[in-house]
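Topology and contacts: notes
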Amino acid sequence: MQTFRNLSTPAIVIRRERMGESHKGLVLLTADLGLVHAAAYGAWKMHSALRTGSEPFAHSLARLYHDPVKNTYKVTDLEVRESFEGLRTDLGRIEAASLWAEVVLKSIAAGETTGGLYRLLLACLRALEAGGADRAPYATAQFLWRFLDLAGYRPDASACERCGRAFGEAEGAAWLAAPGGIACGACAGGAGLPLSAGARRYLEATRDLDLAASLAISLDPSSLAGLGKALQHAIRGVLETDLASLRSLGQR
Ligand SMILES: [Zn+2]
């Protein structure tokens, strides 16, 4: 169906692999075309004009050539808007961005949400770049919580999914099996992943806040850890697959 051989779209590098001696095979999350696999010839060479823009998480205006016969894409230019160098300065932020990239890669079936996914990933990368390493778990929580919304699986954190009762201010809850809803203790009967009252209120409060306002909110460490586990559990359920990045996060 693609009739334009040369096209340009804003894009974020989701994955970068070595291709031969000096080329890069890229997976780009584009604003307009969803995920695109594209070859960046010579991009591994020191003086290549494609070098910076083809590194992981770089955000560029990508110019692509589409070969309609082979249905392949070649990168002809990457006009770098943000290289997100700061992300690469500490392990916590590298791991967070890598997890998000993996979620994006594995969720590609969600075709109609790719524009939203591109905007979400870009906003979260900007927040991760601007915030310190200690804010990375919050950026991940917000990425995953908002991803669940894009995917159509965000549960209601204000009332029990089973009995419909609104949660009390100081009431914790349980996130039921994948992808699942959020239930009160009585309805959950010990099943699901526990959410502290703080974590549940955090989800409820940040549902309608913009990302920057959401990221200004902090949780106590055990609520944050429990929230992270519950979100990971829910994401695994939605993607119906395990995530290597989540496994490594879970061990920390
Ligand atoms: Zn209930």
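Before reading further, recall that the structure is shown in the block above.
What you see is a predicted model, and the numbers here were worked out from it, not measured in a lab. (Residues numbered from 1 in each chain as written. Predicted model: local features only at pLDDT ≥ 70, side-chain atom pairs only at ≥ 80, totals over all residues. Heavy atoms only, no water.)

Considerations on the overall build of the protein chain
For the protein chain, the helix and strand inventory stands at eight helices and eight strands. Its C-alpha atoms give the protein chain a radius of gyration of 20 Å, within 12% of the compact-globule value 18 Å for 252 residues. If you line up the protein chain on its principal axes, its C-alpha atoms span 60 × 40 × 30 Å. In the protein chain, which comprises 252 residues, the proportion classed as buried is 50%. In the protein chain, of all internal contacts separated by at least 6 residues, the share reaching a separation of at least 24 is 60%. On the protein chain, roughly 11,800 Å² of surface is accessible, and the fraction owed to carbon and sulfur atoms is 53%. Within the protein chain, the 26 negative side-chain charges are centred at a point lying 4 Å from the centre of the 28 positive side-chain charges. (Helix = DSSP H or I, 4+ residues; strand = E, 2+ residues; numbered from the N terminus. Rg over C-alpha atoms; globule rule 2.2 N^0.38 Å. Buried < 20%, exposed > 50% of the residue type's maximum accessible area, 1.4 Å probe, protein only. Contact = heavy atoms within 4.5 Å. Areas by Shrake-Rupley, 256 points an atom, 1.4 Å probe, with all protein chains shown as cover. Lys, Arg positive; Asp, Glu negative; His and termini not counted. Charge placed at Lys NZ, Arg CZ, Asp CG, Glu CD.)

Details of the packing of helix 3 (residues 136–150) against helix 7 (residues 221–239)
Contact geometry for helix 3 and helix 7: axes closest at 10 Å, N-to-C directions at 35°. The two elements helix 3 and helix 7 meet at a crossing, and its hand is left-handed. Counted together, Pro137, Tyr138, Ala141, Leu144, Trp145, Phe147 and Leu148 of helix 3 and Leu224, Leu227, Leu231, Gln232, Ala234, Ile235, Val238 and Leu239 of helix 7 form the full contact between these two elements. (Axes fitted to C-alpha atoms, helices over the stretch in contact; angles between N-to-C directions. Left-handed = near helix turned anticlockwise from the far one by under 90°.)

Observations regarding the sheet that holds strand 4 (residues 59–67)
Within the closed barrel, the five strands sit side by side as 1-2-3-5-4. Their pairing is mixed. The average angle at which neighbouring strand axes cross in this sheet is 50°, direction not considered. As paired elements, strand 1 (residues 6–19) and strand 4 share seven bridges and run antiparallel to each other. Residue pairing for strand 4: Asn6 is matched across the bridge by Tyr65. Relative to strand 1, helix 1 (residues 91–106) is tilted by about 110°, and along the sheet it contacts strand 1, strand 2 (23–30) and strand 3 (34–40). Where helix 2 (residues 114–130) meets the sheet, it contacts strand 1, strand 2, strand 3, strand 4 and strand 5 (72–82), and its direction lies at approximately 65° from that of strand 1. (Pairing = 2+ DSSP bridges.)

As for the coordination of the zinc ion
Here the zinc ion is held by Cys160 (SG), Cys163 (SG), Cys184 (SG) and Cys187 (SG), and the distances to it run 2.3 Å. Viewed at the metal, the four donor atoms of the zinc ion are separated by angles of 101 to 121°, and the geometry they form is tetrahedral. Mapped onto the sequence, the donors of the zinc ion take the spacing C-x2-C-x20-C-x2-C. With Cys160 in the loop between helix 3 and strand 6 (173–175) and Cys187 in helix 4 (residues 185–188), this residue pair connects regions lying 27 residues apart in the sequence. The exposure class of Cys160 is buried, given its relative accessible area of 3%. (Donors = N, O, S within 2.8 Å, 3.2 Å for Na, K, Ca; no water. Tetrahedral: all angles 85-135°; square planar, octahedral: opposite > 155°, others 65-115°.)

Bear in mind that shape data such as this cannot, by itself, settle questions of function.
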